[in-house]
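Residue strings, one per chain:
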Amino acid sequence: MILRTFALVSALIATPGLAATQEDAAGRPARPQDVEKIDTFIRHARTGSAVIRPQAAERLVRIGAPAAARLYELSGDSTEELALMGTALVEVLGQFDHPELRAKLWPALEDADFPWRPAAARSLAWAPTGDEWERLEGYLDDPIAPVRLAVLDGLFRISQFEGEEPEAKALQARRKRVFLDHAVSALHDENDMVRRRAAVLLDARGHGRALAWIVEELERVDIFFDRPTGLTARYDAMNVLTERGVDLGDYVPELPSSAPAGRRSNAEALARIRAEVATRAERMDTRLPEPLRGLVPTELPAIARAGAQVGGALLGLELKSCRKGEFYLRWTEDDQLVVGYGNPARIPLTEGTTARLVALSKETQAEVGAKVYWGLPGCDVESYRMPRAKGPADLPQQLIVSKDERPTADLRPAALSELGAALAASIPKDTALTAADVRTRELARRVRECFASIGGAVGD
Amino acid sequence: MFARHWILLIAGLLAAPSFVLDAASMRAVAAAAALDEEEVAPPADGKVVEISILKLRAARYRPGQPLPKWISDLDGKRVRIWGHMAIGTLEGLEAFELVPESCECNRSKLNHFVDVTLTEGQTRFIPGRITLEGTFFAGEKEEDGFVTSLYRLTTTELPR
């Protein structure tokens, strides 16, 4: 156990970006009396409040082998039984030095209907074994962004191993190289968190040019109705860059990137940060072996660029499913379907589509009356935004359906199902319109599947 | 399993010194500390301080360690803050969580929410962004050995 802990700590020192995400588990050691509380901690980790569950799970990790043995007893023989342990426990099972417990995580990740797949992926990625490389690679294109992110972390860790025998050394050299290709591909991921992590991991491998992806996020201004997605990204980018040693000087996330003379802005700070990151990247590039130089492109893909704010969005649909992924869709007054946030994709709609859907949304509001929420707290969420039928026009009405991991019958009211069906039906299926961008590819099918996994199927 | 530990150990030891001694890493620590010590202009008497829930979320928090000074300076101050009610907040309660996004997906981190107590009104679920004004308190609050909140706000009632 001491060796394992020391090994993990030293490996984490070498990867500060990863250490920052995992520090919560590195708390004080377990006390002898904690062993007597294993069942109490398990109960807290399963049924405590959302804020207590991860803390209780971390206590179990610190206890170590006795806690692992008890968790193994309780973990059952199927993924359905494992799911009953809850997300906080699944999240930490891979941190125990207990191969049988770890082996239960793979069927969970492989089960598309397992409710805690992101937690299972993070758990597996915590301390992966070399022979798990190919299995992890199989999830690089998973529909769930946190799974893709965890897989990158896991592959990064495996690629850090050093072989002793010539054959093992050669294998690890190949993996180091292949990992770089995977990370460069992930710089094009549709999800900003995955792109950000890929950039951090590439930077940790000496490819400082990847930090340009994160510097770009310092300029994001996008919003999704009342959600300041761009501002959130600016704060996240600021933290990541600071952890990577970039001096942000007087950059202030709340200020605009540029402004008329006399008004405060980030213009000067951004110019200096860009220059510093570029100089740093050039310096790092010279230390790389010749064949690896220039692996990270100099031009950011459109998906990673800070986009302009979307004007005229009248209807919004936000779908979040722990099994089918996330969708952020907007229907604009000039009949465009805007997909995603950041620098979103756009699909032209038939003229009059948005007006027809807005009219339907007003009927929906009349049907549901004052009620705005259906279901139980949980990760599976359908959120509909629409112009208010009554009341201030500048404040959209928001109707929310949510549930936890359990299937819930008759969750969504009929009127909202009708609106959901109409929204799904309005998504063009013409591949000439949708195939160009990863976010719009087979969008209609994927959105219907997501609806089905939350509040039930909509329409045909 | 034993071999894997050795591989990790060796990989870590080989790579660690370059980072431990890396000036950039040292600057990162210093810069992060500087961010944590950022000053918030103290309000004049009776004034309300606007605080950003995203800035609170982005603050570095280490269990058992002091909060950044700019946050502890807000303790006991009157503040205005926007956020969303945590999804599924029940009706008729005297407290709820204010979060940057309505869904935190069962991974409620301590610096990602403000525990709001209503002194007069009761909860009803309001979808979308709300802005609250009240007295802010910062610091770890423990129950049964677990930290249950870092940020708290006491206000009279929900907006109409």
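All values reported here derive from a predicted model rather than from experimental measurement. (Residues numbered from 1 in each chain as written. Chains lettered and ligands numbered in written order. Predicted model: local features only at pLDDT ≥ 70, side-chain atom pairs only at ≥ 80, totals over all residues. Heavy atoms only, no water.)

Draft legend 1. Summary view of the overall build of chain A. Broken down by element type, chain A carries 22 helices and 7 strands. For 460 residues, the compact-globule estimate of 2.2 N^0.38 gives 23 Å, and chain A sits close to it at 24 Å. Here chain A holds 460 residues, and 58% of them are scored as buried. Total accessible area on chain A is roughly 19400 Å²; 54% of this is exposed by carbon and sulfur atoms. (Helix = DSSP H or I, 4+ residues; strand = E, 2+ residues; numbered from the N terminus. Rg over C-alpha atoms; globule rule 2.2 N^0.38 Å. Buried < 20%, exposed > 50% of the residue type's maximum accessible area, 1.4 Å probe, protein only. Areas by Shrake-Rupley, 256 points an atom, 1.4 Å probe, with all protein chains shown as cover.)

Draft legend 2. Inspection of the overall build of chain B at higher detail. Within chain B one finds 4 helices and 6 strands. Counting only residues that meet the buried cut, chain B has 48% of its 160 residues in that class. Taking all contacts inside chain B whose residues are at least 6 apart in sequence as the whole, residues at least 24 apart take part in 67%. (Contact = heavy atoms within 4.5 Å.)

Draft legend 3. Just the sheet that holds strand 1 (residues 313-321) of chain A, in detail. All names here are of chain A. With respect to topology, 7 strands assemble into an open sheet ordered 4-3-2-1-6-7-5, the strand pairing being mixed. Two strands bound the open sheet, and with one partner strand each, they are strand 4 (345-348) and strand 5 (373-375). Averaged over all pairs of adjacent strands, the angle between their axes in this sheet comes to 15°, without regard to strand direction. Across 7 bridges, the pairing between strand 6 (residues 380-386) and strand 7 (residues 397-403) is antiparallel. Residue pairing for strand 7: Ser-383 is matched across the bridge by Ile-400. Relative to the sheet, helix 19 (residues 353-368) contacts strand 1, strand 2 (325-332), strand 5, strand 6 and strand 7, its axis offset from that of strand 1 by approximately 70°. This element, helix 20 (residues 414-425), spans strand 1, strand 2, strand 5, strand 6 and strand 7 of the sheet and lies at about 80° to strand 6. (Pairing = 2+ DSSP bridges. Axes fitted to C-alpha atoms, helices over the stretch in contact; angles between N-to-C directions.)

Draft legend 4. Quick look at helix 5 (residues 52-63) of chain A. A rise of 1.5 Å per residue sets the reference length of helix 5 of chain A, with its 12 residues, at 16 Å; its end C-alpha atoms lie 17 Å apart and thus fit the reference within 8%. Most of helix 5 of chain A sits out of view: 10 of its 12 residues are buried. Residues of helix 5 of chain A that are buried: Ile-52, Arg-53, Gln-55, Ala-56, Ala-57, Glu-58, Arg-59, Leu-60, Val-61 and Ile-63 of chain A. Among the structural elements, helix 3 (32-35), helix 4 (38-47), helix 6 (65-74) and helix 8 (87-93) of chain A together with strand 6 (146-155) of chain B are those in contact with the buried residues of helix 5 of chain A. Note on helix 5 of chain A: the residue one or two positions beyond its end, Gly-64 of chain A, has a positive phi of about 85°. (Expected span 1.5 Å × (residues − 1).)

Draft legend 5. Region of interest: the pairing of strand 4 of chain A. Residues and elements named next belong to chain A. The alternating pattern of strand 4 places Ala-345 and Ile-347 on a buried face and Arg-346 and Pro-348 on a face that is not buried. The pairing of strand 3 (residues 336-339) with strand 4 spans 4 bridges and is antiparallel. Of the residues in strand 4, the one forming a bridge with Val-338 is Arg-346.

Draft legend 6. Representation of the pattern of salt bridges in the model. Per the stated rule, a full pass over the model turns up 43 salt bridges over all chains. Where Glu-318 of chain A meets Arg-227 of chain A, a salt bridge forms, and the shortest distance between an N and an O atom there is 2.8 Å. Separated by 91 residues along the polypeptide, Glu-318 of chain A in strand 1 and Arg-227 of chain A in the loop between helix 16 (211-217) and helix 17 (229-243) bring together distant segments of the chain. Each member of the pair, Glu-318 of chain A as well as Arg-227 of chain A, carries the same accessibility label: buried. Each of the salt bridges in this network shares a partner with another, and the network as a whole consists of Asp-192, Arg-196, Glu-217, Arg-220, Asp-222 and Asp-236 of chain A together with Arg-57 of chain B. (Salt bridge = Lys/Arg side-chain N within 4 Å of Asp/Glu carboxyl O.)

Draft legend 7. Expanded view of the nonpolar core. Leu-218 and Leu-329 of chain A together with Phe-136 of chain B are the most contacted members of the largest nonpolar core, which totals 165 residues. Sort the elements by how many residues they give to this core and helix 13 (residues 145-160) of chain A lands first, with 9 residues. Look past the residues within four positions of Leu-329 of chain A in its chain and what remains in contact with it is Phe-224, Leu-315, Gly-316, Leu-317, Leu-337, Val-338, Val-339, Ile-427, Leu-443 and Val-447 of chain A. (Core = buried A, V, L, I, M, F, W, Y, C linked by side-chain atoms within 4.5 Å.)

Draft legend 8. Quick peek at the packing of helix 14 (residues 166-186) of chain A against helix 15 (residues 192-204) of chain A. All names here are of chain A. It is at 8 Å that the axes of helix 14 and helix 15 come closest, and there the two elements cross at 145°. The interaxial crossing formed by helix 14 with helix 15 has left-handed handedness. Contact residues: Phe-179, Leu-180, Ala-183, Val-184 and Ala-186 in helix 14; Val-194, Arg-195, Ala-198, Leu-201 and Leu-202 in helix 15. Looking at the contact of helix 14 with helix 15, its residues break down into 9 nonpolar, no polar and 1 charged. (Left-handed = near helix turned anticlockwise from the far one by under 90°. Nonpolar A, V, L, I, M, F, W, Y, C, P; charged D, E, K, R; others polar.)

Draft legend 9. View of helix 13 of chain A. Between its first and last C-alpha atoms helix 13 of chain A spans 23 Å; for 16 residues at 1.5 Å apiece the expected length is 22 Å, and the two agree. Buried residues dominate helix 13 of chain A, accounting for 15 of its 16 residues.

Draft legend 10. Layout of the state of the cysteines. Residue and element names in this part refer to chain A. Summed over the entire model, instances satisfying the criterion amount to 0 disulfides over all chains. Here Cys-450 is not disulfide-linked; the sulfur of Cys-322 is the nearest cysteine sulfur, at 10.0 Å. Judged by relative accessible area, Cys-450 falls into the buried class, the value being 0%. (Disulfide = S-S within 2.5 Å.)

Draft legend 11. Region of the structure containing unusual backbone geometry. Residue and element names in this part refer to chain A. In this model, Phe-225 sits at a positive phi of 55°, which is unusual for a non-glycine residue. Inspection of the secondary structure assignment puts Phe-225 in the loop between helix 16 and helix 17. Phe-225 sits in the buried class, given a relative accessible area of 18%. Phi at Glu-442 takes a positive value of approximately 50°, unusual for a residue other than glycine. Residue placement: Glu-442 occurs in the loop between helix 21 (431-434) and helix 22 (443-454). Since its relative accessible area comes to 49%, Glu-442 is described here as partly exposed.

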